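Below, each chain spelled out in residue letters.
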Amino acid sequence: MPELLEVEAYRRQAEATVGRTIVRVELFDPAYWRGERRPDELEGATVEGTRRIGKLALLDTDAGTLGLRFGMTGRLLVDGAASIDQLVYTSGRDLPEWHRVAVRFRDGTTMTLTDPRRLGWVELDPDETRLGPDAVSVRPAVLREVLGSSSAPLKARLMDQKHLAGLGNLLTDEILWRAALDPTREARSLTPVEVRRLHRNMSRVIADLGHRGGSHTGDLQAARSPGAQCPRDGRPLRRDSVGGRTTYWCPHHQR
DNA sequence: CCGGATGTTCACCT
DNA sequence: GAGGTGAACATCCG
């Protein structure tokens, strides 16, 4: 389920672990750990804070930074509880065999990453420089630079994590639908006025869907099925592949 | 049985 | 170097 909104919810949950000392990192799925540094290097480390860049959640400790990647179906359980994800595609179900990593703390509590599809991973000291500015805080001028240098389709550029971090397939479709912009347009073809409009709607969609409960709560999401109509003007929606992802959009008002 | 799925990465083209 | 496509990863769901 995770795009930026869900990962932010997980980060907030992980805030509860700040100040706790790690006694053990249990790896139920060895393939889930990536990178040079090993999980046991975290034993005895204390969590000092949490951060998020795009879809990457970070736990800073005095022995390094633990990076959490959730793939498409990863979730975080802190102290046995999941965050606000009643609307997950799995209907909130959680099976023990989906548990990939557990971080045990000295006070007896546990933080678990559960992920049925195993497309996520965990890493100590991940390379944060591979990510562009976070979509939540990006300034309009920076967004203009991100778009202005690219001949890629607008949607593909917005989802390219090394240029702009955090937007996934659902958020991006919703943002472009609300901003009335054609996802297939060349990114650099946007006028300054259109970039402003895009930026404004990006912020609005992130805020609105955050309140509603996640990336899947958009107006367009409800219409994500074959033969669906645009919730704004009732015209037939198109279903195309843009940037390698299924894209729903309204050719009537998105231009 | 089949197709599709909120993500990332890689090989192979142009 | 940039960008596109398709595949792979592994599993669940309708």
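Cut-off values and rules
- Residues numbered from 1 in each chain as written.
- Chains lettered and ligands numbered in written order.
- Predicted model: local features only at pLDDT ≥ 70, side-chain atom pairs only at ≥ 80, totals over all residues.
- Heavy atoms only, no water.
- Phe/Tyr/Trp six-rings, centres within 6.5 Å; stacked < 30°, edge-to-face > 60°.
- Helix = DSSP H or I, 4+ residues; strand = E, 2+ residues; numbered from the N terminus.
- Buried < 20%, exposed > 50% of the residue type's maximum accessible area, 1.4 Å probe, protein only.
- Lys NZ or Arg CZ within 6 Å of the ring centre and 35° of its normal.
- Pairing = 2+ DSSP bridges.
- Domains from an automatic or database assignment.
- Contact = heavy atoms within 4.5 Å.
- Buried area = accessible area lost by both parts, 1.4 Å probe.
- Salt bridge = Lys/Arg side-chain N within 4 Å of Asp/Glu carboxyl O.
- Near = heavy atom within 4 Å.
- Polar contact = N/O pair within 3.5 Å; in protein donor to acceptor, adjacent residues only side chain to side chain.
- Nonpolar A, V, L, I, M, F, W, Y, C, P; charged D, E, K, R; others polar.
- Axes fitted to C-alpha atoms, helices over the stretch in contact; angles between N-to-C directions.
- Core = buried A, V, L, I, M, F, W, Y, C linked by side-chain atoms within 4.5 Å.
- pLDDT = per-residue confidence, 0-100.

Notes on the packing of aromatic side chains
- The final tally for this structure, using the stated rule, is one aromatic pair.
- Note on Tyr 10 and Phe 70: the rings are 4.7 Å apart at their centroids and 45 degrees apart in plane angle, and the pair reads as tilted. Here Tyr 10, found in helix 1 (residues 4-14), pairs with Phe 70, found in the loop between strand 5 (64-69) and strand 6 (75-78); they are 60 residues apart in sequence, far enough to count as distant. With respect to class, Tyr 10 is no different from Phe 70; both count as buried.
- Positioned above the aromatic ring of Phe 105 is the side chain of Arg 20, whose terminal nitrogen or guanidinium carbon lies 5.4 Å from the ring centre.

Here we look at the pairing of strand 12 (residues 245-249)
- Here strand 11 (residues 238-242) runs beside strand 12; their pairing, made up of five bridges, is antiparallel. Looking across to strand 12, one finds that Ser 241 is bridged to Thr 246.
- The hairpin turn running from strand 11 into strand 12, its antiparallel successor, is two residues long, and Gly 243 in that turn takes a positive phi close to 60 degrees.

Notes on the domain arrangement of chain A
- For chain A, the domain assignment lists domain 1 (4-129) and domain 2 (132-249).
- Opposite the 10 residues of domain 1 that make contact, domain 2 presents 19 residues.
- Counting the surface lost from both domain 1 and domain 2, the interface buries some 1,000 Å², and carbon and sulfur atoms represent 60% of this.
- At the junction of domain 1 with domain 2, the criterion picks out one salt bridge.
- In this structure, the salt-bridge partner of Arg 52 is Asp 134, at a minimum N-O distance of 2.7 Å.

Structural notes on the protein's contact with DNA strand C
- Surveying the vicinity of DNA strand C reveals 12 residues, the closest of which are Arg 93, Pro 116, Arg 117, Ser 150 and Pro 153.
- Sugar and phosphate atoms constitute 74% of the interface atoms of DNA strand C, taking the interface as everything within 4 Å of the protein.
- Trp 98 is positioned such that a nitrogen or oxygen atom in its side chain is 3.3 Å from a phosphate oxygen of DNA strand C.
- A distance of 2.6 Å separates a base nitrogen of DNA strand C from a polar atom in the side chain of Arg 117.
- Looking at side-chain class alone, the surface near DNA strand C contains six nonpolar, two polar and four charged residues.

With respect to the side chain of Asn 201
- Looking at where Asn 201 falls in the secondary structure, it is placed in helix 5 (residues 192-212).
- For Asn 201, a relative accessible area of 6% translates into the label buried.
- When near neighbours in sequence (up to four residues on either side) are disregarded, Asn 201 contacts Ile 175, Arg 178 and Ala 179.

Some remarks on the sheet that holds strand 10 (residues 121-124)
- Read across the sheet, five strands follow the order 2-10-5-4-3 without closing on themselves; strand pairing throughout is mixed. Each edge of the open sheet is held by one strand with a lone partner, namely strand 2 (33-34) and strand 3 (47-53).
- Alignment of strand 4 (residues 56-61) against strand 5, held across six bridges, turns out to be antiparallel. Note that in strand 5 the partner of Leu 59 across the bridge is Leu 66.
- Those strands touched by helix 1 are strand 3 and strand 4, and its axis lies near 175 degrees from that of strand 3.

Considerations on the nonpolar core
- The biggest cluster of nonpolar side chains holds 24 residues, and the ones touching the most others in it are Leu 42, Leu 66, Leu 68, Phe 70, Leu 76, Met 111 and Val 122.
- Leu 66 has contacts with Trp 33, Leu 42, Ala 57, Leu 58, Leu 59, Val 103, Met 111, Val 122, Glu 123 and Leu 124, leaving out every residue within four places of it along the chain.

Structural notes on the confidence of the model for chain A
- For chain A, per-residue confidence averages 92 on the pLDDT scale, and 95% of positions sit at 70 or higher.
- Segment residues 84-89: pLDDT under 50, and 14 contacts once partners within four positions in sequence are set aside and those in other chains are kept.

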